[in-house]
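# Coordinates in review
These are the residues of each chain, in order.
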Amino acid sequence: MTFSITLTVNGTPHHLALDDMRVTLLDLLRDRLGLTGTKKGCDRGQCGACTVLVNGQRLNACLALAVQQDGAEIVTIEGLAPADGLHPVQAAFLEHDAFQCGYCTPGQIMSAAGLIAEGEDGADIERIREGMSGNICRCGAYRGISLAVAEAARKAKTEAGA
Amino acid sequence: MKSFDYLRPDTLDEALAALSDPDAAALGGGTNLLDLMKLGVAGPSKIVDLTRLPGLDRIETLPDGTVRIGALVRNAALPRDPGFAAAFPMVAEALLSGASGQLRNAATVGGNLMQATRCAYFQDPFAACNRRAPGTGCDAKDGANRNHAILGWSPACIATHPSDFCVPLAALGAIVEIAGPDGLRELPLAEFHLLPGEEAHLTTQLAPGEIVLALRLPPGAADFAGHARYLKLRERNSYAFAIVSAAAALRLEDGVIREARLALGGVAARPWRATAAETLLAGARPAPETFAAAAEAALAEAAPSGANGFKIALAGRILARALAAAAAGTPARMPALPGSVLDDSDTEAAHA
C-alpha cells in the first residue's frame, strides 16, 4: 500500500508518499531527507541516540513509524540552532566538554532541549541525571553532560524570568 | 520486520471493525509493538493506529469523584497533571520510575497494560516459549531466570508482567473499561492479566477484537494520598525494569491504620495485589514488626521458579520498606529519583 503524509521538519514542510509502512521516523529522516545528524544506535529505544522533538516533545525516532507522525512538526539537531549561532544547550556542551566520540551527542542535546522545555529538570544535578537517563554515553562523558544541561537549564530560567 | 498495511480509523466503530481481523494489531505509542516487530516476535499484517480516535486522551473527574483516564493518555501526562499527581502520588511515582523521558512521552496508558513480558526467551524467536509459541516449552525454566516469577507461575511459563504503572493501580482497585464487537464491559485491573496455568499464551482477559478504552480510579482511591509510596529495586537506579517493586498506601486516623492498599510488581504475570496483608494491617499501629508481618503474609505462597529464591526475601523487604515510607508520609515533592531506595533528597512530608 501507499500512504501520503506531511511532515514539517526544521520548519520546512515535506509531502512524502510512503510505499512501505515499515519506515521509521529515524530512517525517513536519515535516508530520505538526508538529515544524518540524528543517529541510529540501538534501533530499539534503549540508547537515545535518535532523540528528536516531535510537536515539542522528545521521542525516540527509532520507535516511531513515519506514517504515524503525519502532520507533526519535527525538530532535529540540524534545526535546533538559530540562524546566527548556537542553541544554549549546544553552547553549554562546548563549554563543559560534554562529549568524547560525539556519536550520542545529537541525541543528548535534543533530549536536554526536550527536558528543559518539559520544565521538570529542577535545580539539582540529580534531577537532571534522572531526566537524561534515556540517553546512553558509552564514552562516559556524563559529568560534563550533566553540568552542561544544568547550565543551559539555569540560563533558560533566567531568560524566562527576565 | 514483516510488511503490513496501515489503517488510521477516525471512529471507535471503524477501529473495532478493522481489529476484527485476527492478523491486525492495535497501535498506540508503538514503544513495545514496534520493538517486538523488529525482533520478529510480532508480525501483524495490518496495523490499526488508534491514536487519532477522539476523546481517549483525556483525564476526567466524574461527578461521583471517579477519575477516568483515557487509553491514549501518554505516560508522561499523568505525573505532569498536578491534580492527578497530588491525588494519586504513588501512581505518578511508579510512572516516573519507569522507562525514560522519551519513552514516557510516547507510551500510552492502554499500551502499558498490554505490554509483553521482557523475558529474554519470549523476545528470542528461536527459543522455546509457551507464551509466544504454545506447546514449544519454556527455555527460561533452565535458563537465565533470576528475574522471573515467584508467585502465580506454572511449569508452562515463569514470566513476569513488567509494568510499574499497573502495580499501584492494582492496589487502588482500578477498573479497566473494554470496548469490543459486543459492546462495552469492565474488569478490575488486578484480574485483567491472566496467570499462565497451562495456557501461557493467553496473557490478558481481552477477547480477540477488544481494546482497552479507559481506566477508572474509584472514588475513595484519593483518600490514600497522604501516605502512599512506590518503591522499586533494579539493577541500576534509573531506566531499568523492576527486580521487585511495591506500592503501599495507608489511610491513617489517630495513629491507627484504618485501611491499607498493597501490591507487588516484578513477581508474577500480573501486578500482585496483597489482600491478606491489607487485612492484617487494618486496625494496627504502624510499626516495623507490623510491616514485617504484612510482608510475610503477602509472600506466604511465594516459591522460586528458578535461581530466584532471593526475590522472595527481597520482595518482602521492599514491601515492608514501602509501608514504612508510606507511614512516614508522601513526600511534598516528587523525589529526584522516583521509586528509588537510594534517594537521599529532601523528603519532607506533604501533610496532605
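Quick note: structure is the one above.
Residues numbered from 1 in each chain as written. Chains lettered and ligands numbered in written order. Predicted model: local features only at pLDDT ≥ 70, side-chain atom pairs only at ≥ 80, totals over all residues. Heavy atoms only, no water.

This part is about the overall build of chain A. On a plain count of helices and strands, chain A comes out with 5 helices and 5 strands. Counting helices and strands in the order they occur from the N terminus, chain A gives β-β-α-β-β-β-α-α-α-α. Since a compact globule built from 162 residues should have a radius of gyration of about 15 Å, the 16 Å found for chain A is in line with a globular shape. Projected onto the principal axes, the alpha-carbon positions of chain A cover approximately 50 × 35 × 25 Å. A burial count over chain A gives 52% of its 162 residues as buried. Within chain A, counting contacts between residues at least 6 apart in sequence, those at least 24 apart form 55% of the total. Carbon and sulfur atoms make up 50% of the accessible area of chain A, which amounts to about 7,200 Å² in all. (Helix = DSSP H or I, 4+ residues; strand = E, 2+ residues; numbered from the N terminus. Rg over C-alpha atoms; globule rule 2.2 N^0.38 Å. Buried < 20%, exposed > 50% of the residue type's maximum accessible area, 1.4 Å probe, protein only. Contact = heavy atoms within 4.5 Å. Areas by Shrake-Rupley, 256 points an atom, 1.4 Å probe, with all protein chains shown as cover.)

What follows is about the interface of chain B and chain A. Often, the extent of an interface is quoted as the loss of accessible area on bringing the components together. The interface is formed by 37 residues belonging to chain B together with 34 residues belonging to chain A. Interface of chain B and chain A: buried area, both sides summed, is about 3,100 Å²; carbon and sulfur atoms make up 48% of it. Summed over the shared surface of chain B and chain A, the result is 4 salt bridges. Linking chain B to chain A there are 20 residue pairs in polar contact (both at pLDDT 80 or more). With 5 residues, the single largest contributor to the side of chain B that touches chain A is helix α6 (residues 101-106) of chain B. When grouped by side-chain class, the residues that make up the side of chain B that touches chain A number 15 nonpolar, 13 polar and 9 charged. (Buried area = accessible area lost by both parts, 1.4 Å probe. Salt bridge = Lys/Arg side-chain N within 4 Å of Asp/Glu carboxyl O. Polar contact = N/O pair within 3.5 Å; in protein donor to acceptor, adjacent residues only side chain to side chain. Nonpolar A, V, L, I, M, F, W, Y, C, P; charged D, E, K, R; others polar.)

Here we take up the side chain of B:T51. Within the fold, B:T51 resides in the loop between β3 (46-49) and β4 (59-61). For B:T51, the side chain forms a polar contact with the side chain of B:D49, separated by 2.6 Å. Here B:T51 is in contact with A:Q68, B:L27, B:G28, B:L72 and B:R74, once residues within four sequence places are set aside.

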